Amino acid sequence: MTIRVIIVDDQAMVRAGFAALLAAQSDIDVVGEAPDGRQAVDVSRGTHPDVVLMDVRMPEMDGLEAARRILDPPPGVTHRPKVLMLTTFDVDDYVYEALRAGASGFLLKDAPPADLISAVRIVAAGEALLAPSVTRRLIADFARQRPAPRKNFAARRSGLTPRETEVLELIARGLSNQEIAESLVLAEQTVKTHIGRVLAKLGLRDRAQAVIFAYESGLVTPGQ
């Protein structure tokens, strides 16, 4: 199946370069472009992409607000593509909020071409693009903000088994599936099964949202 992609960036040369790279892949079809977030929302609703490659910082409307509008559309709009945020080397303050809004992860703008292609395929397949090292940086960012735990989140967490709770905590601490398997003395496939059940029970889209949930529910405390 061909992956339909739109590219959102305020720099025309960046859009052209990404479009040429992705369109050269037999399984990817670039169906639209936009120079800002406002137009990105319109293009997304008109083309129904599978993945929106979204720059964070843009004029008119930034990528965060555009992601919110695309992922939480008004009544009558049913299409919800995956959103992959593009950011600079230092994790933008916007990225945390983008993940809370439902973005499936983010990619550095200076990443190698092969990483961009791989990222689009990973996100289109329903996986989160959030490497453990990035998770740890996200946690550090969260620790600086220190928001109060949300009581309704804690109540939702009570439906998890003790093992599922352990897995969620280790995800939030930035461990990879292999590291979780080693820590809990489980097969890696078993860890994947637990993660799938955690996401299903909590109504979360992916690993990125699981990290956010763990902190907002008070399961993990920054600096613990």
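Remember, predicted model here, so these are calculated numbers, not experimental data.

## Regarding the overall build of the protein
Point 1. Within the protein, the regular secondary structure consists of eleven helices and five strands.
Point 2. Relative to its 224 residues, the protein shows a buried fraction of 47%.
Point 3. A fraction of 67% describes how many contacts in the protein between residues 6 or more apart in sequence connect residues 24 or more apart.

## Comments concerning the UniProt feature "modified residue: 4-aspartylphosphate" (unreviewed entry) in the protein
Point 1. Sites flagged by UniProt as "modified residue: 4-aspartylphosphate" (unreviewed entry) map to Asp55.
Point 2. Tracing the chain through its elements places Asp55 in strand β3 (residues 51-55).
Point 3. The contact partners of Asp55, leaving out residues within four places of it in the chain, are Val8, Asp9, Asp10, Gly63, Met85, Leu86 and Lys109.

## Let's talk about the sheet that holds strand β2 (residues 28-34)
Point 1. The strand order across the open sheet formed by five strands is β2-β1-β3-β4-β5, and the pairing between neighbours is parallel. This sheet does not close on itself; its edge strands, each paired only once, are β2 and β5 (105-108). Averaged over all neighbouring strand pairs, the angle between strand axes comes to 25°, with direction disregarded.
Point 2. Two elements, strand β1 (residues 3-8) and β2, share six bridges in a ladder whose sense is parallel. The residue bridging Arg4 from the neighbouring strand is Asp29, located in β2.
Point 3. Where helix α1 (residues 12-23) meets the sheet, it contacts β1, β2, β3 and β4 (82-87), and its direction lies at approximately 165° from that of β2.

## Re the environment of Thr161
Point 1. With respect to the helices and strands, Thr161 occurs in the loop between α7 (151-157) and α8 (162-172).
Point 2. Judged by relative accessible area, Thr161 falls into the partly exposed class, the value being 31%.
Point 3. Separated by 33 residues in the primary sequence, Thr161 and His194 have C-alpha atoms spaced 9.7 Å apart.

## Observations concerning the side chain of Ser44
Point 1. Along the polypeptide, Ser44 turns up in helix α2 (residues 37-47).
Point 2. Overall, the relative accessible area of 2% leaves Ser44 in the buried class.
Point 3. Not counting residues within four places of it along the chain, the set of residues in contact with Ser44 comprises Ile6, Pro49, Val52, Ile70, His79 and Pro81.

## Brief notes about the side chain of Gln25
Point 1. With respect to the element layout, Gln25 can be found in the loop between α1 and β2.
Point 2. A polar atom in the side chain of Gln25 sits 3.2 Å from the backbone oxygen of Leu21.
Point 3. Those residues in contact with Gln25, other than ones at most four positions away along the chain, are Ile117 and Arg121.

## Some remarks on unusual backbone geometry
Point 1. One non-glycine residue, His48, lies in positive phi territory at about 55°.
Point 2. By secondary structure assignment, the location of His48 is in the loop between α2 and β3.
Point 3. For His48, a relative accessible area of 42% translates into the label partly exposed.
Point 4. Although it is not a glycine, Val185 adopts a positive phi angle of roughly 55°.
Point 5. What makes Val185 exposed here is its relative accessible area of 72%.

Cut-offs applied
- Each chain has its residues counted from 1, following the order in which its sequence is written.
- For a predicted model such as this one, the threshold for reporting local features is a pLDDT of at least 70, and the threshold for listing and counting side-chain atom pairs is 80 or more; totals across whole chains, interfaces and linings nevertheless cover every residue.
- The basis for the side-chain values is all heavy atoms of the structure; hydrogens and waters are excluded.
- Counting from the N terminus, the helices are the DSSP runs of H or I reaching at least four residues and the strands are the DSSP runs of E reaching at least two.
- Three exposure classes are used, based on accessible area relative to the maximum for each residue type with a 1.4 Å probe and protein chains only: buried under 20%, partly exposed in between, and exposed over 50%.
- A contact between two residues is defined here by any heavy atoms of the two lying within 4.5 Å.
- UniProt positions are given in the numbering used here, feature names are shortened, and annotations may be inferred rather than shown by experiment.
- Pairing between strands is defined by DSSP: at least two bridges between them are needed.
- Every axis corresponds to a line fitted to the C-alpha atoms, with the helix fit spanning only the stretch in contact, and the corresponding angles, defined between N-to-C directions, vary from 0 to 180 degrees.
- Polar contacts, as counted here, are pairs of nitrogen or oxygen atoms within 3.5 Å of one another; within protein the pair requires one atom able to donate a hydrogen and one able to accept it, and residues that are adjacent in sequence qualify only if both atoms are side-chain atoms.

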